[in-house]
Amino acid sequence: MLCAVYKSSKKAETYLYVPGRDDFSQVPPALMNTFGSPIFLMIMPLKNDRKLASMDIEKLRSELTTKGFYLQLPPPVENMLKSHLAAQRIE
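Residues numbered from 1 in each chain as written. Predicted model: local features only at pLDDT ≥ 70, side-chain atom pairs only at ≥ 80, totals over all residues. Heavy atoms only, no water.

Participant: Explain the overall build of the chain to me, using residue names and the numbers behind them.
Facilitator: Counting its secondary structure elements, the chain contains 3 helices and 4 strands. Along the chain, helices and strands appear, N-terminal first, in the series β-β-α-β-α-β-α. In summary, the chain has a C-alpha radius of gyration of 17 Å against a globular reference of 12 Å for 91 residues, an excess of more than 25%. Seen through its C-alpha atoms, the chain measures out along the principal axes to roughly 55 × 35 × 20 Å. Split into buried and exposed, the 91 residues of the chain put 29% on the buried side. For the chain, the share of sequence-separated contacts (at least 6 apart) that also reach a separation of at least 24 residues comes to 58%. When the accessible surface of the chain is summed, it comes to about 6400 Å², and 56% of that surface belongs to carbon and sulfur atoms. The positive charge centre, built from 12 side chains, and the negative charge centre, built from 9, are 3 Å apart in the chain. (Helix = DSSP H or I, 4+ residues; strand = E, 2+ residues; numbered from the N terminus. Rg over C-alpha atoms; globule rule 2.2 N^0.38 Å. Buried < 20%, exposed > 50% of the residue type's maximum accessible area, 1.4 Å probe, protein only. Contact = heavy atoms within 4.5 Å. Areas by Shrake-Rupley, 256 points an atom, 1.4 Å probe, with all protein chains shown as cover. Lys, Arg positive; Asp, Glu negative; His and termini not counted. Charge placed at Lys NZ, Arg CZ, Asp CG, Glu CD.)

Here it is as structure tokens:
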């Protein structure tokens, strides 16, 4: 199975995976508006032995098959104040 990977022109570290190049037919229009103009990155084979840095390849394959796309959002931003206050309570 192959998929095309695009990055968002509006949202940093946000990626959209679709089953074929320029095939956004299953992506909801509201999501495309928020995502912005997709910037093509690559075509990627989804092989069983391939490891992906920040996602489970089986989840990606499943989402592409059932929904027709997969949206990868950036990791949550660490709340430095909350971390600092938690560290203060420990000491």
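Picking up after the structure, the text goes on.
Participant: How would you explain the side chain of serine 8 if you had to name every residue and give the values?
Facilitator: Along the chain, the position of serine 8 falls in the loop between strand E1 (2-7) and strand E2 (15-18). Owing to a relative accessible area of 9%, serine 8 belongs among the buried residues under this scheme. One polar contact links the side chain of serine 8 to the main-chain amide nitrogen of lysine 10, over a distance of 3.0 Å. What serine 8 contacts, discounting residues up to four positions off in sequence, is Thr14, Phe35, Ser37 and Ile39. (Polar contact = N/O pair within 3.5 Å; in protein donor to acceptor, adjacent residues only side chain to side chain.)

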